[in-house]
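# An overview of the molecular structure
Now for the letters of each chain:
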Amino acid sequence: MTLQETRQQKLATILKLAPVVPVVIIDDVSHAVPMARALVAGGIRTIEITLRTPAAMDAVRAIAAEVKEAVVGVGTVLRGGQLETARLAGAHFAVSPGTSPRLLDAADDNELPLLPGVATASEAMALLERGYEHLKLFPAVPVGGAKLLAAWASPLPQIHFCPTGGVNLANAIDFLKLTNVVCVGGSWLTPADKMARGDWAGIEQLAREAAALK
């Protein structure tokens, strides 16, 4: 088995853990562990911490060290160097909004599985040539949503998608019922107001609702 095949196998296992991957913005690192515990208690183990704030990487380290049931990864990966930093921090996977040649080259040389973003069939085909069978459709709803993925299912049967961007509790099932969708990504499980006031019980309830989408 090649390194890429191993990474894709690991990613497949991670993405199947729950129907929804929370896309989380962390402003206060002290919120990371109780937030992760709330998600896990609600039935959501896979957590994507976006690298959009200075606290993000420390949040990954804290969750990896203190919430063993969680499978934490990083999102908004834009540069190849972030992959190794994330891996050393304890991340199990990485997600990018799109791709660049340098990012893909760095991913080729790193053990951390990458879920790259695409918005067109041509982008998906190019990544399939490089061994990527799991992709993120982004931004999912603006680029065509469930109808687009349904249209891709027949010509691109090898690819499994995690649509993210505009996905919420109300429309998630439209994606999850598709044969080429393994899970969805969404920010609604950790809304900014609940994060700011430490409403971990509220986040646990949102996680339970999301986990029930199975």
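In the nomenclature of an unreviewed UniProt entry, the chain is known as 2-dehydro-3-deoxy-phosphogluconate aldolase of Rhodanobacter caeni. Quoted verbatim from the Catalytic activity (unreviewed entry) field of UniProt, the annotation for the chain is "2-dehydro-3-deoxy-6-phospho-D-gluconate = D-glyceraldehyde 3-phosphate + pyruvate". UniProt, in its Subunit (unreviewed entry) section for the chain, records the words "Homotrimer."

Secondary structure summary: the chain contains 10 helices and 9 strands in total. On C-alpha atoms alone, the chain measures out to a radius of gyration of 16 Å, which is about the 17 Å that the 2.2 N^0.38 rule sets for 214 residues. Seen through its C-alpha atoms, the chain measures out along the principal axes to roughly 45 × 35 × 30 Å. A separation threshold of at least 6 residues defines the contact pool for the chain, and within that pool the share at least 24 residues apart is 61%. Of the roughly 9300 Å² of accessible surface on the chain, a fraction of 54% belongs to carbon and sulfur atoms. If you average the places of the 19 positive and of the 20 negative side-chain charges in the chain, the two averages end up 2 Å apart.

This model, assessed by the stated rule, comprises 1 aromatic pair. With a centroid separation of 5.6 Å and an interplanar angle of 45 degrees, the aromatic rings of tryptophan 152 and phenylalanine 161 are classed as tilted. Accessibility classification places tryptophan 152 together with phenylalanine 161 in one group, the buried group. We note lysine 136 situated over the ring of phenylalanine 138; from NZ or CZ to the ring centre the distance is 4.5 Å.

Next up on the list: the nonpolar core. Ile26, Met35, Ile49, Ile63, Val74, Val184 and Trp188 are the most contacted members of the largest nonpolar core, which has 66 residues in total. Examining the composition of this core, we find that 7 residues originate from one element, helix H2 (residues 32-41), more than from any other. Sequence-distant contacts of tryptophan 188, that is, excluding residues within four places in its chain, are made with Val20, Val167, Asn168, Leu169, Ala172, Leu206, Ala210 and Leu213. Counting residues in hydrophobic clusters, the runner-up holds 10 residues, among them Leu15, Val71, Val95 and Leu115.

What counts, and at which threshold
Residues numbered from 1 in each chain as written. Predicted model: local features only at pLDDT ≥ 70, side-chain atom pairs only at ≥ 80, totals over all residues. Heavy atoms only, no water. UniProt positions renumbered as here; feature names shortened; annotations may be inferred. Helix = DSSP H or I, 4+ residues; strand = E, 2+ residues; numbered from the N terminus. Rg over C-alpha atoms; globule rule 2.2 N^0.38 Å. Contact = heavy atoms within 4.5 Å. Areas by Shrake-Rupley, 256 points an atom, 1.4 Å probe, with all protein chains shown as cover. Lys, Arg positive; Asp, Glu negative; His and termini not counted. Charge placed at Lys NZ, Arg CZ, Asp CG, Glu CD. Phe/Tyr/Trp six-rings, centres within 6.5 Å; stacked < 30°, edge-to-face > 60°. Buried < 20%, exposed > 50% of the residue type's maximum accessible area, 1.4 Å probe, protein only. Lys NZ or Arg CZ within 6 Å of the ring centre and 35° of its normal. Core = buried A, V, L, I, M, F, W, Y, C linked by side-chain atoms within 4.5 Å.

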